[in-house]
Amino acid sequence: MTSVSNFIDNFHFLRPLWLLLLPGVIWLYFTLRGFTSSQWRWQRIIEPALLEHLIISARSNNRIRPFHLFTAAFCLLILSAAGPAWERIQTPFVQNNAPLIIALELTPSMLAEDVKPSRLQRAKQKISDLVATNVSSQIGVVVYSGTSHMVVPPTNDPALVNLYLENLTPGIMPVEGDRPEKALILANKLLASNPIPGTILYATDGIDASLAVEFTKPADVTPPQYLFWRFGTETGETAEAGNAAIEGTNIRGLDEIAAVTGGTVVAESLDGSDISRIQRLIATHLENVLLSGQDEQWIDAGYYLLWPLVLLLLPWARRGWTLRWS
């Protein structure tokens, strides 16, 4: 469904002026269609009232004629020349160059075990898997609770990121709380040192919708892309053995903030589909920013229409198959 919607959103013609020929071809077809029939040739000699009784069968005029195929081929030729396009050319210089700052939530709610082994452990495993895909040449990690701190400065060393991920727990944070906006400030500072547009990826179990205004404040750099990697279930963790129950993920808050910032919420999945989606979003954001203000480079799909055009022209190799205009 996503690919279909992307096709609809991006479909356009690179050389649309060629389409101005289509109405003329259609008009010519309906104007000359009758000229190719035997009835039109005889009606100049025989009275129309008498001619309809002399025609053996009018059904023969409904079969496909060279004139029909010629018109269809001409329309395909015009569409091909107009240059239909819906996919951008993948520019090699932007791949794997988008800086990525991961903001990992370290609050007690991340210790909930509604997903196994826990929300935090699952988040760290997923981050490790994402880093291993070489999604970016510069990956930094910040953590937050009541305060925010840089754990790994932007680096191209996945092993370094994994080394520090292992020991991250809520207990190391100096101040309790849930202040994702503090991580936002720190992440923007890290992105400010890189001229290439970046992405801020929150690994969290929810953000309160009231903080949306913090995400809309102007940044000192090109506005980053916001991705929200959601961990945990909607129902949360029920109380057991005297422990306090933990609420489910704040899906509504994440959705509202994503809508305000133009970001995307990515639900954690058991397979690697969430990681693949994050990879695509990071690459697409970088391409869109770098190509804005420039002539967008699209794949000209008009060449694909040459194949059905060849098929329409094949009957001309048949003996006796000729195009007659009168």
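Just above sits the structure.
Values in this document were obtained by computation on a predicted structure and should not be read as measured data.

Conventions we followed
- Residues numbered from 1 in each chain as written.
- Predicted model: local features only at pLDDT ≥ 70, side-chain atom pairs only at ≥ 80, totals over all residues.
- Heavy atoms only, no water.
- Axes fitted to C-alpha atoms, helices over the stretch in contact; angles between N-to-C directions.
- Helix = DSSP H or I, 4+ residues; strand = E, 2+ residues; numbered from the N terminus.
- Parallel < 35°, antiparallel > 145°, perpendicular 65-115°, else oblique.
- Contact = heavy atoms within 4.5 Å.
- Nonpolar A, V, L, I, M, F, W, Y, C, P; charged D, E, K, R; others polar.
- Polar contact = N/O pair within 3.5 Å; in protein donor to acceptor, adjacent residues only side chain to side chain.
- Expected span 1.5 Å × (residues − 1).
- Buried < 20%, exposed > 50% of the residue type's maximum accessible area, 1.4 Å probe, protein only.
- Phe/Tyr/Trp six-rings, centres within 6.5 Å; stacked < 30°, edge-to-face > 60°.
- Salt bridge = Lys/Arg side-chain N within 4 Å of Asp/Glu carboxyl O.

Enquirer: When you look at the packing of helix α6 (residues 119–132) against helix α7 (residues 158–165) in this model, what are you seeing that I'm missing?
Expert: Packed helices, taken two at a time, are described by their axes: the angle between them and the distance between them. As a packed pair, α6 and α7 sit with axes 10 Å apart at the nearest point and diverge in direction by 175 degrees. In this view, α6 runs roughly antiparallel relative to α7, as classed from their interaxial angle. Touching K124, I127, S128 and V131 of α6 are P158, V161, N162 and L165, all from α7. Across the contact of α6 with α7, the residue classes tally to 5 nonpolar, 2 polar and 1 charged.

Enquirer: Mind showing me how you'd approach the side chain of T147 here?
Expert: Its location among the elements puts T147 in the loop between β4 (139–144) and β5 (148–155). Engagement of the side chain of T147 in a polar contact is seen with the side chain of H149, the distance being 2.8 Å. With residues up to four places along the chain from it excluded, the contact list for T147 reads M173, P174, V175 and K182.

Enquirer: Help me understand helix α8 (residues 180–192) in this model?
Expert: In an α-helix, one turn spans 3.6 residues; hence positions three or four apart end up facing the same way. The end-to-end C-alpha distance of α8, which contains 13 residues, comes to 19 Å, matching closely the 18 Å that a straight helix rising 1.5 Å per residue would cover. Where α8 is concerned, the buried positions are P180, E181, A183, L184, L186, A187, N188, L190 and L191. In this structure, the buried side of α8 is in contact with β3 (100–105), β4, β5, β6 (199–204), α9 (212–215) and β7 (225–230).

Enquirer: What is the right way to read the packing of aromatic side chains from this model?
Expert: The geometry of an aromatic ring pair comes down to the distance between the two centres and the angle between the two planes. Summed over all chains, the structure comprises 9 aromatic pairs. A ring pair is formed by F70 and F74, whose centres lie 6.2 Å apart and whose planes are at 50 degrees; its orientation type is tilted. With F70 and F74 both in helix α5 (residues 66–82) and 4 residues apart, this pair spans about one turn of that helix. Put simply, the rings of Y144, Y202, F215, Y226 and F228 pair up and form one aromatic cluster.

Enquirer: Hey, could you run me through the environment of D9 in this one?
Expert: Inspection of the secondary structure puts D9 in helix α1 (residues 2–10). Taking relative accessible area as the criterion, D9 reaches 61% and is therefore assigned exposed. Along the chain, D9 and W86 lie 77 residues apart, while their C-alpha atoms are 8.1 Å from each other.

Enquirer: Explain the pattern of salt bridges here, please?
Expert: A side chain with one charge can pair with a side chain of the opposite charge if their charged atoms come near. Evaluated as defined, the whole model comprises 8 salt bridges. Between R122 and E268 there is a salt bridge; the shortest N-O distance is 2.3 Å. Linking R122 in helix α6 with E268 in the loop between β8 (264–267) and α11 (273–291), this pair joins segments that are 146 residues apart in sequence. A salt bridge links E256 to R252; the nearest nitrogen and oxygen atoms lie 3.1 Å apart. A residue pair is termed a helical-turn pair when its members lie 3 or 4 positions apart in one helix, as E256 and R252 do in helix α10 (residues 251–261) at 4 residues. When salt bridges that share partners are traced, they join D114, R119 and D205 into one network.

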